[in-house]
Amino acid sequence: MFEKEILQNQKKIWDLNLIKRRLDLYEIEEVLKLNKIIAFIGSRRAWKTFFTFQLAKELIAKNIIDIQDVCYVDFSWIIDKDTDLQDIKNDFKSLFPDREPIFIFDEIQELSNFPEKLINILNQWNKIIIIWSNAHLLSKELSTILRWKVYTREIFPLDFKEYLFFKNISLERNDWILESQKYRNEFLEFLKWWWFPEIVISQDEFVKENILRNYFDIMIYKDLQDRYNIKNDFALKFFIKRVLSTFSKELNINKIYNELKSQNIKISKDSLYNFYEYMDDIYLISQLSNYWAQVKWTKKTYLIDVAFANLVGSEDFGKRFENFVYLELLKKYKEIFFLSKSHEIDFFVPAINLYLQVVFELNFENLERETKYLSRQDWKKVLIYFKKENNLIVPDNIKLVGFEEFIWI
C-alpha cells in the first residue's frame, strides 16, 4: 500500500534543490542516538517539512543514513484514518529488508489513536521524526503515553541571517561593515515583509500580499474554526484583527469584549480568552506575561511573523523591531517576561537576570524615558536600538547594543 509513496518520496528528497536553513546537526544527531521521537513544531508555511528534508540530506551527506533509509509519509492526504504504522514499516521492509528506517511522519495527528501507534513503533527502536503545527495539542495528546519520549524543536520562519541567505546576500561580517547601509536597508525590508520563506523568495509585492492572506485564511478556517469548532465567525475574526493591531502592547480583552457587546455580538469573555490561547497554540502569536503580575491577567502579544501586521495596516517599525528582538530572545531562553507596574521594562530574562529595553531610534527626546528605569545598579541592563543620534550620553551601567551586534550575539 505504501511502497510506491515511500519510493516516490525518497526520490523527491534526493532530487530536491533546497535553500538551506540554519540547522544544528549535532543536536539532532545526539537525539537520534536516544530512543526518542523528535518533534518539529511551528507555524504553517515555516517550511518545517523542507527543514526535515534538509536534515535528511545532511545526514546522508555525513554517511549517517542512506536515502533508502528514509521513510516519509504525509498523513494530511491519507484517507484511511485507521492506518497502522506497523503496516508502513512492513511495506518499507518489503522494499528494503536489510535496512532500518528513519520515519518522518507529517501531520500524524490525522491518524486515529496515533500516540499508541507511535509508541508501538518507538518500542522497536526505530528513529522517528514527526512534524506538527500545534504546540498545545502536541503536549496534550502525547503527554500521557509519550511524556518522556518526545524531544521538541520549534521551527520558526526565517531569521535575518537566513533571509539574507535566501536573497544571496553575503553573511561575512566584513561585508556588513563595508556596506552597512545596504544591510540596514535590507533589514528594513525584512521588518516590512519578514519571515515566511515563500514571501521572501517572491519578487512581487502583490504576490507577497496574496500569499500572506492565503496563510491567514488557512489559519483561521482550518487551524482555528475547524480544529476548535468555533461557530461565531464574526467574533473570531474581529478578535484576531484587534489582537494583531495591538501587538507589542498589553492586551485588553475586556475592552474587546465591550466593543463586540456594543455591536450586539453575543460572546463570552471566556470564549475570547480561549481564542487568544488558540492563536498562541497554532503559532499565529506568542504571548508574553508580566513578571510582576501575581493575580491580574496581563499579557503582551508578539507576532510569529510581523508580516501579519500588514493585514491590519500597522506599519510601526518601532513595534516591528521590538517584535524582532523578542523572537530572537525566544529562541535562546525558555522564560521571558515583561515588567509593568508604575513603569515598564520591555523584556526580563530571569535565568541570567537580564533586563532589556528596545527602541527603534534612540535620540535626545526619548533618551531619558528609555534609560530611566534601567539605571538600577543591581540589574544587568541592555538597551537595544536600530539607530541612534550621535553624542548621546547614557549611564555607564547600561550597555548599548546596535541591531548589527545583536544579530551576531
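Residues numbered from 1 in each chain as written. Predicted model: local features only at pLDDT ≥ 70, side-chain atom pairs only at ≥ 80, totals over all residues. Heavy atoms only, no water.

(A) Geometry of the sheet that holds strand E3 (residues 102-106). As summarised here, the arrangement of the five strands in space is E2-E3-E4-E1-E5, forming an open sheet in which the pairing is parallel. The outermost strands of the open sheet, each flanked by one partner alone, are strand E2 (70-74) and strand E5 (150-154). Here the strands of the sheet are splayed against their neighbours by 20° on average, with no regard to which way each runs. Judged from the five bridges that link them, E3 and strand E4 (residues 127-132) form a sheet pairing that is parallel. Looking at E4, one finds that isoleucine 104 is bridged to isoleucine 129. Contacts from helix H3 (residues 48-61) reach strand E1 (37-41), E2, E3, E4 and E5 within the one sheet, and its direction differs from that of E4 by about 155°. (Pairing = 2+ DSSP bridges. Helix = DSSP H or I, 4+ residues; strand = E, 2+ residues; numbered from the N terminus. Axes fitted to C-alpha atoms, helices over the stretch in contact; angles between N-to-C directions. Contact = heavy atoms within 4.5 Å.)

(B) Molecular detail of the packing of aromatic side chains. Scanning the entire structure with this criterion turns up 41 aromatic pairs. The residue whose ring lies beneath arginine 184 is phenylalanine 386, and the NZ or CZ to ring-centre distance is 4.3 Å. One residue, lysine 300, lies across the ring of phenylalanine 338, its end atom 5.1 Å from the ring centre. (Phe/Tyr/Trp six-rings, centres within 6.5 Å; stacked < 30°, edge-to-face > 60°. Lys NZ or Arg CZ within 6 Å of the ring centre and 35° of its normal.)

(C) Main features of the sheet that holds strand E7 (residues 299-303). Read across the open sheet, the seven strands follow the order E7-E6-E8-E9-E10-E11-E12; overall the sheet is mixed. Edge positions in the sheet fall to E7 and strand E12 (398-402), since each of these pairs with one other strand and no more. Pairs of neighbouring strands in the sheet enclose a mean axial angle of 35°, with direction left out of account. Two strands pair when backbone bridges link them, and strand E8 (residues 337-340) and strand E9 (residues 344-349) are joined in this way by three bridges, in the antiparallel orientation.

(D) Summary view of a negative patch on the surface. Residues Asp80, Asp82, Asp84 and Asp87 make up a contiguous surface patch of negative charge. Here aspartate 84 lies in the loop between E2 and helix H4 (85-95). (Patch = residues over 30% accessible without salt bridge, like charges linked within 9 Å, V, L, I, M, F, W, Y side chains within 5 Å. Areas by Shrake-Rupley, 256 points an atom, 1.4 Å probe, with all protein chains shown as cover. Salt bridge = Lys/Arg side-chain N within 4 Å of Asp/Glu carboxyl O. Lys, Arg positive; Asp, Glu negative; His and termini not counted. Charge placed at Lys NZ, Arg CZ, Asp CG, Glu CD.)

(E) Fine view of the side chain of asparagine 35. Within the secondary structure, asparagine 35 is located in the loop between helix H2 (25-32) and E1. Every residue in contact with asparagine 35, bar those within four places of it in the chain, is listed here: Leu122, Trp125 and Lys149.

(F) The arrangement of the pattern of salt bridges in detail. Taken as a whole and judged by the stated rule, the model has 18 salt bridges. The closest approach of N and O atoms between glutamate 30 and lysine 33, which form a salt bridge, is 3.0 Å. Residue class for lysine 33 comes out exposed when judged on its relative accessible area of 60%. Here lysine 399 makes a salt bridge to glutamate 405, at a shortest N to O gap of 3.8 Å. A relative accessible area of 46% means that lysine 399 is categorised as partly exposed. Through salt bridges with shared partners, one network takes in Lys300, Glu322 and Glu344. (Buried < 20%, exposed > 50% of the residue type's maximum accessible area, 1.4 Å probe, protein only.)

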